[in-house]
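# Coordinates in review
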Amino acid sequence: MASDLEIRAGKAFIDDHFELAVDLYTQAIEINPNHAELYVERSQANIKLNNFTEAVADAHRAIELDPLMSKAFLRKGTACMKLEEYQTAKAAFETGASLAPGDSRFTNLIKECEERIAEETDGLPKQSVVQAPEAVESPETVVAAEKVHQVPMVTASKPKYRHEYYQKPQEVVVTIFAKGIPDGNVVVDFGEQILSVSIDVPGDVAYHFQPRLFGKIIPDKCRYEVLSTKIEIRLAKAEEIHWTSLEFSEENTVPQRINVSTIAGVASQRPTYPSSKTRMVDWDKLEAQVKKEEKEEKLDGDAALNKFFRDIYKDADEDTRRAMQKSFVESNGTVLSTNWKEVGSKKVEGSPPDGMEMKKWEY
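Notes on the structure in this doc start here. (Residues numbered from 1 in each chain as written. Predicted model: local features only at pLDDT ≥ 70, side-chain atom pairs only at ≥ 80, totals over all residues. Heavy atoms only, no water.)

### Quick word on the environment of Leu83
Just so we agree on the cut-off: Numbering of helices and strands starts at the N terminus; helices are DSSP runs of H or I of at least 4 residues and strands are runs of E of at least 2. Should any heavy atoms of two residues lie within 4.5 Å, those residues are considered in contact.
Mapped onto the secondary structure, Leu83 falls in the loop between α5 (70–82) and α6 (86–99). For the pair Leu83 and Arg212, spaced 129 residues apart in sequence, the C-alpha to C-alpha distance is 8.4 Å. In contact with Leu83, other than residues within four places in its own chain, are Phe52, Thr53, Val56, Ile194 and Arg212.

Next up, the structure:
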């Protein structure tokens, strides 16, 4: 039986009060967090508010609770199409069609996805395609013509777990610092440009992290690992471009392609960490410059002698190093031999400079 909050939320949706509907569905979910239908309906309201990432997250949660609910796959596919995630949308629609063979909406939406995918892969000019119906469903009525409401996103509260990221030419590594979380309580899902992370520990408030990513990824090549102190997620980039942020935004839509020629011949690329500093420092160049200065530095006296001995030790084989260590220690620093055959079988006696004598230290 539908609760009072669910009924009020449905009426708010019918009256085009989508923000109120989302708020009421959220209250209903707090009371009954395992009711898949509530997530499906909130997903539809979020689609109306253009909160497509949140809509995907709600649909994904509904699928977790009820994997046989075709309407949840319809919501997920619809939101993914709005995000231009056509491969992910098609997969959702195909699953929904298998659960509801008689629903022609899935057939039409799958066909539209295939057309959009063909346009992307073959570079065909985009044709005017009639927008697929968003399948508004309600206990009382179906809204035929709906207005698209442009509503600003509500600022989210401070997340429960801190996260960071760094990137390499081929991948982005996201770290969520969640300590002591069992593997079975973590669900990670990858879309074409969506990352969905859910952490649900019994007796604790569930954590959801569903960003729309800066660039597209290859879901089949993405992976994650639950460690004792964190969750490490590796996102395989679809293109070798530099992500200026982890999440997509209208201001950061121009991709910066990585110049592969600058890293040719390098065994591994150092990760680039996001920084608040405007001036970028080339640490590899700085390190090379310091090493060059050290090599070319002109030393004299004891410093030059010590450097000479260090260079000999650094480039020496194992026997030579053993000879240098043994002779120096046993002679109290007065003899330094590189001949292991000479010093290896006997104790090396001290040999003080002319005019000086050795004395045993008395404790």
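That covers the picture; the talk isn't over yet.
### A look at a nonpolar patch on the surface
The cut-off we apply is this: Patch definition: residues with relative accessible area over 30% and no salt bridge; like charges joined within 9 Å; nonpolar side chains (Val, Leu, Ile, Met, Phe, Trp, Tyr) joined within 5 Å. The accessible surface values rely on the Shrake-Rupley method and a 1.4 Å probe; as for residues, cover is taken only from the protein chains in view. Salt bridge, as applied in this entry: a Lys or Arg side-chain nitrogen positioned within 4 Å of an Asp or Glu carboxyl oxygen. Only protein chains enter the area calculation, which uses a 1.4 Å probe; residues under 20% of their type maximum are buried, those over 50% are exposed, and those in between are partly exposed.
Residues Phe308, Phe309, Phe328, Val329 and Leu336 make up a contiguous nonpolar surface patch of about 470 Å² in total accessible area. Among the elements of the structure, α9 (301–315) and α10 (318–330) are those that each provide at least two residues to the nonpolar patch. Note that Phe328 resides in helix α10. Judged by its relative accessible area of 45%, Phe328 is partly exposed.

### Observations regarding unusual backbone geometry
Peptide bonds are trans in most cases, and residues, glycine excluded, mostly fall at negative phi. Positive phi outside glycine occurs at Asn50, with the angle close to 65°. The residue Asn50 is located in the loop between α3 (36–48) and α4 (52–65) in this model. Taking relative accessible area as the criterion, Asn50 reaches 24% and is therefore assigned partly exposed.

### Considering the pairing of strand β3 (residues 186–190)
Heads up, the rule is: Being paired, for any two strands, means DSSP has found at least two bridges between them.
The alternating pattern of β3 places Val186, Val188 and Phe190 on a buried face and Val187 and Asp189 on a face that is not buried. As paired elements, β3 and strand β4 (residues 195–199) share 5 bridges and run antiparallel to each other. Bridge pairing links Phe190 to Leu195 in β4. Following β3, the chain reverses through 4 residues before pairing antiparallel with β4.

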